[in-house]
Amino acid sequence: MQIFGAKGKVKGAHQWRGVIEEYRHRLPVTSRTPIISLREGGTPLIYACNLSELLGNNVWIKYEGLNPTGSFKDRGMTMAISKAAEDGAKAVICASTGNTSASASAYAVKAGMTPVVLIPKGKIAMGKLAQAVIHNSSIVQVNGNFDDCLTLAKELSENYPVALVNSVNPFRIQGQKTAAFEVVDMLGDAPDIHAMPVGNAGNITAYWMGYKEYYGDNISSQLPAMYGFQAAGAAPIVKGKIVKNPETIATAIRIGNPASWAQAVDARDASGGVIDSVSDREILSAYRLIAAQEGIFVEPSSAAGLAGLIKYKKAKKLPKDKTIVITVTGHGLKDIQYALDSTKKPVVIPVDLKAAAKALGLK
Ligand code: F0G
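The model shown is predicted, which means the values in this text are computed figures rather than measured ones.

Student: For this particular structure, what's the right way to read the layout of surface pockets?
Tutor: Sizing a probe to match a water molecule and rolling it over the atoms shows the empty space that remains. Taken as a whole, the second largest pocket holds about 330 Å³ of empty space. Taken together, 20 residues form the lining of the second largest pocket, with Ile-124, Ala-125, Met-126, Asp-335 and Gln-337 sitting closest to its centre. Here the element with the most residues in the lining of the second largest pocket is helix 5 (residues 126-134); it accounts for three residues. Of the residues belonging to the lining of the second largest pocket, the class tally is nine nonpolar, six polar and five charged.

Put into structure tokens, the structure is as follows:
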């Protein structure tokens, strides 16, 4: 398909084409794969002056909330749905804490497939639920947590004609590894440390895969230490055992038995990194800080990476003068509850200049 501009000329030369077209030679697609894309990826890597000062390092934020459905999931979903389309799938299924269901729904309808999503009852953010609803998903709320939903989704995909698009689907990880390519392409090399939240552990697995691939091909001269952070009430990898009833305000990472557990441990150990936990309080404080000081609005779960680095800095466990990339995984508008809770209510004034100036403290 060609893309035509206003005067009928082929255009689009300088628009980012989506992760499959940009990194086609590094992804398992062929000329027979129908590419289902919303032009995901190509997200900004933003130098964070204030956080750099605070952490004593050069800190860059990979702002994944700017993907088409507002989270990093789109990178993997373009691959999973394109491959499902190649296989002739008519319906796709996923378990989700919200973002995967939003992404799967959008990409599935674009491909003409029916999206089916299983979500833990009452435990996903309203913005994400709205996305699944507006994209016409068949939504089932399960009286259980994410781990229960994933077990059910796997069983359904094994017994009925629905393709599973959770990150246990290897094409998801393949798509998500492109985020590491973008970081290296932009910085000119891999960072010293890469920090991010960990839930089902697909993303840390994917970044590590991407970094290793570029390093193996001599595109980067080093590998980063991978720093993953789980929420304290949902920290199975840190504890070394399944958490039966995970609890955290960071609902996106409220997971007690991550599917990519072993791969995350491998990324940690092989990279000389860490997987640690942060409390809900530390998460919310980092969530407010990045919005207040860097102008970047993320959802609470997305702030876990920054929260972890602040915790390490306080404990004097963070090296100095290194290049650190922090992935912030999802957009703040998806989950506004804690943003509103933390803000003073704006005062109400009449339409009057003096009253406005007074209310604003302007002299
Ligand atoms: N951040 C956000 C905003 C997420 O939605 C997720 C996972 C993670 C971090 C953790 O990434 O699972 O690859 O370790 N959300 C999944 C979902 C589980 O269903 O949307 P992970």
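What follows continues from the structure just given.
Student: I would appreciate a short explanation of the sheet that holds strand 8 (residues 225-231) in the present structure.
Tutor: Each strand in a sheet pairs with its neighbour through backbone hydrogen bonds, running either in the same direction (parallel) or in the opposite one (antiparallel). Spatially, the six strands line up as an open sheet ordered 1-2-10-7-8-9, and their pairing is mixed. Only two strands of the sheet have a single neighbouring strand rather than two, namely strand 1 (45-47) and strand 9 (274-278). Between one strand axis and the next, the sheet turns through 25° on average, direction left out of account. Sheet strands in contact with helix 8 (residues 178-187) are strand 1, strand 2 (58-63), strand 7 (193-197) and strand 10 (323-328), and its direction is about 135° off that of strand 2.

Student: I tried to follow the state of the cysteines on my own but got confused; where do I start?
Tutor: Covalent bonding between the sulfur atoms of two cysteines is what defines a disulfide. Evaluation of the coordinates by the stated rule reveals zero disulfides. The closest cysteine sulfur to the non-disulfide-bonded Cys-149 is located on Cys-94, 9.7 Å from its own sulfur.

Student: For this particular structure, what's the right way to read the packing of aromatic side chains?
Tutor: Aromatic ring pairs are reported here in terms of the distance separating the ring centres and the angle at which the planes meet. Per the counting criterion, the structure on display carries eight aromatic pairs. Grouping aromatic residues by their ring pairs yields a cluster made of Trp-16, Tyr-23, Phe-181 and Tyr-214. A cation over an aromatic ring shows up here: Arg-26 above the ring of Phe-181, its NZ or CZ 5.6 Å from the ring centre. Taking NZ or CZ as reference, Lys-317 lies 4.5 Å from the ring centre of Tyr-312, over its face.

Student: Help me understand the sheet that holds strand 6 (residues 163-164) in this model?
Tutor: Here we have four strands laid out as an open sheet, ordered 5-4-3-6, and parallel in their pairing. Looking at strand neighbours, the two that pair on one side only are strand 5 (138-142) and strand 6, the edges of this open sheet. Pairing between strand 3 (residues 91-95) and strand 6: two bridges, direction parallel. Bridge pairing in strand 6 places Val-92 opposite Ala-163.

Student: Can you help me understand unusual backbone geometry in this one?
Tutor: Most peptide bonds adopt trans geometry, and most residues besides glycine take a negative phi value. Unusually for a residue other than glycine, Ala-201 sits at a positive phi of about 75°. Relative to the helices and strands, Ala-201 resides in the loop between strand 7 and helix 9 (202-216). The phi torsion at Asn-218 lies on the positive side, around 60°, for a residue other than glycine. Checked against the element boundaries, Asn-218 lands in the loop between helix 9 and strand 8.

Student: Can you help me understand the site of the ligand in this one?
Tutor: The local shell around the ligand holds 21 residues, among which Thr-97, Asn-200, Ala-201, Asn-203 and Thr-329 are the closest. Here Lys-73 contributes a side-chain N or O atom positioned 2.9 Å from a nitrogen atom of the ligand. Interatomic distance of 2.8 Å between a backbone N/O atom of Gly-199 and an oxygen atom of the ligand. A total of 470 Å² of accessible area belongs to the ligand in isolation, and the protein chains cover 98% of it.

Student: Sorry, what's going on with empty space enclosed by the protein here?
Tutor: Under the criterion given, the structure shown has one cavity of 30 Å³ or more. Taken as a whole, the largest cavity holds about 330 Å³ of empty space. What lines the largest cavity is a set of 30 residues, among which Phe-72, Lys-73, Gly-199, Asn-200 and Ala-252 lie closest to the centre. Where the lining of the largest cavity is concerned, the elements lending two or more residues are helix 4 (99-110), helix 7 (170-176), strand 7 and helix 9. The element that contributes the greatest number of residues to the lining of the largest cavity is helix 9, accounting for three residues. Residues of the lining of the largest cavity, tallied by class, amount to 11 nonpolar, 16 polar and three charged.

Student: Looking at this structure, I do not really get the side chain of Thr-327. What am I missing?
Tutor: Residue position: Thr-327 is located in strand 10. Given the relative accessible area of 0%, Thr-327 is considered buried.

Student: Sorry, what's going on with the pattern of salt bridges here?
Tutor: It is possible for side chains bearing opposite charge to pair when their charged atoms get close. Scanning the model with the defined rule gives 13 salt bridges in all. Note that Glu-22 is salt-bridged to Arg-17, the shortest N-O span being 3.1 Å. For Glu-22, a relative accessible area of 22% gives the class partly exposed. One salt-bridge network, in which partners are shared between bridges, spans Arg-26, Lys-177, Glu-213 and Asp-217.

Student: Help me out: how do you make sense of the pairing of strand 10 in this one?
Tutor: On a regular strand, one side chain projects to one face of the sheet and the next to the other, so that they alternate. Of all six residues in strand 10, five are buried; the element is thus mostly enclosed. Note: strand 7 against strand 10, three bridges, orientation parallel. By the bridge assignment for strand 10, Ile-193 is matched with Ile-324.

Thresholds applied
- Residues numbered from 1 in each chain as written.
- Predicted model: local features only at pLDDT ≥ 70, side-chain atom pairs only at ≥ 80, totals over all residues.
- Heavy atoms only, no water.
- 1 Å grid on protein atoms, 1.4 Å probe; cavity = no way out; pocket = protein on both sides within 12 Å on 5 of 7 lines; lining within 4 Å.
- Points joined across faces, edges and corners; volume = space filled by probe spheres on them.
- Helix = DSSP H or I, 4+ residues; strand = E, 2+ residues; numbered from the N terminus.
- Nonpolar A, V, L, I, M, F, W, Y, C, P; charged D, E, K, R; others polar.
- Pairing = 2+ DSSP bridges.
- Axes fitted to C-alpha atoms, helices over the stretch in contact; angles between N-to-C directions.
- Contact = heavy atoms within 4.5 Å.
- Disulfide = S-S within 2.5 Å.
- Phe/Tyr/Trp six-rings, centres within 6.5 Å; stacked < 30°, edge-to-face > 60°.
- Lys NZ or Arg CZ within 6 Å of the ring centre and 35° of its normal.
- Near = heavy atom within 4 Å.
- Polar contact = N/O pair within 3.5 Å; in protein donor to acceptor, adjacent residues only side chain to side chain.
- Areas by Shrake-Rupley, 256 points an atom, 1.4 Å probe, with all protein chains shown as cover.
- Buried < 20%, exposed > 50% of the residue type's maximum accessible area, 1.4 Å probe, protein only.
- Salt bridge = Lys/Arg side-chain N within 4 Å of Asp/Glu carboxyl O.

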